[in-house]
Amino acid sequence: LAGRGLSPRRVRCELARHIDFAPTVLELLDLPVPAGWRGRSLAPALRGDALQKAALYAETRWRSLDRRALRDARWKLQ
């Protein structure tokens, strides 16, 4: 991402979920996150701050593929 207040060409190795994108964009635009929305803002990581550690859960049921995964910063279980 690029924008006001963000360092150019900064690479961060943080776990991110799809539900984190909307809260991130809203925070960067100085807009409130609606009550009840899930996800966390990744804006602090984009500014160089540390994020609270979080685990990810993913699943897919595409055609005959039925897979699930649980991941944190160190481990991945499939």
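The written sequence of each chain sets the order in which its residues are numbered from 1. Note on the predicted model: pLDDT of at least 70 is required for a residue's local features to be given, and 80 or more for side-chain atom pairs to be given and counted; whole-chain, interface and lining totals, by contrast, use all residues. Heavy atoms throughout the structure, all of them, feed into the side-chain values; hydrogens and water do not.

A. Quick look at the overall build of the protein chain. Secondary structure elements are defined from DSSP: runs of H or I of at least 4 residues count as helices, runs of E of at least 2 residues count as strands, and each element is numbered from the N terminus. A tally of helices and strands in the protein chain yields two helices and three strands. Expressed as a percentage of the 78 residues in the protein chain, the buried residues total 18%. Excluding contacts between residues fewer than 6 apart, the proportion of contacts in the protein chain whose partners are at least 24 apart in sequence is 30%. Working definition of accessibility: Shrake-Rupley area with a 1.4 Å probe, residue cover restricted to the visible protein chains. For the protein chain, the accessible surface area stands at approximately 6700 Å², while carbon and sulfur atoms represent 55% of it. Relative accessibility under 20% of the residue-type maximum defines a buried residue, over 50% an exposed one, and the middle range a partly exposed one, all with a 1.4 Å probe and only protein chains included. When checking whether two residues touch, look at their non-hydrogen atoms; a contact exists if any pair is within 4.5 Å.

B. The layout of surface pockets, seen in detail. A pocket, in this scheme, is an open set of points on a 1 Å grid over the protein atoms alone with protein on both sides within 12 Å along at least 5 of 7 lines, while a cavity is a set where a 1.4 Å probe fits but cannot get out; residues line either one if an atom lies within 4 Å of a point. Grid points are joined across faces, edges and corners, and a volume is the space filled by probe spheres set on the points. Within this model, the second largest pocket holds a volume of roughly 180 Å³. Contributing to the lining of the second largest pocket are A16, R17, H18, I19, R38, A55, L56, Y57 and A58. Under the convention adopted here, Pro, Cys and the residues Ala, Val, Leu, Ile, Met, Phe, Trp and Tyr are nonpolar, Asp, Glu, Lys and Arg are charged, and Gly plus all remaining residues are polar. A per-class count over the lining of the second largest pocket returns six nonpolar, one polar and two charged.

C. Structural view of unusual backbone geometry. Although it is not a glycine, D30 sits at a positive phi angle of roughly 60 degrees. Its place among the elements puts D30 in the loop between α1 (21–28) and α2 (43–46). For D30, a relative accessible area of 59% corresponds to the exposed category. Of note, R63 is a non-glycine position whose phi angle comes to about 55 degrees, a positive value. Note on placement: R63 falls in the loop between β1 (56–62) and β2 (65–71).

D. Broad picture of α1. Within α1 the residues assigned to the buried category are P23, T24 and L26. Seen end-on, α1 carries its buried residues on one side only, within an arc spanning 165 degrees. Turning to α1, the residues buried within the fold contact α2. Positive phi shows up at D30, right after α1, with a value of about 60 degrees. What the arc covers is the set of directions going from the helix axis to the C-beta atoms.

E. Representation of the sheet that holds strand β3 (residues 76–77) within the structure. We treat two strands as partners when DSSP finds at least two bridges between them. Ordered by their spatial adjacency, three strands build an open sheet running β1-β2-β3, and the pairing between neighbours is antiparallel. Of all the strands in the sheet, just β1 and β3 have a single pairing partner and so form its edges. Where β1 lies against β2, seven bridges are found, and the strand directions are antiparallel. The partner of L56 across the bridge, within β2, is R71.

F. Focus on the environment of W37. Residue placement: W37 occurs in the loop between α1 and α2. The exposure class of W37 is partly exposed, given its relative accessible area of 46%. Taking the C-alpha atoms as reference, W37 lies 9.2 Å from A22; in sequence the two are 15 residues apart. Excluding residues within four positions of it along the chain, W37 makes contact with A22 and L26.

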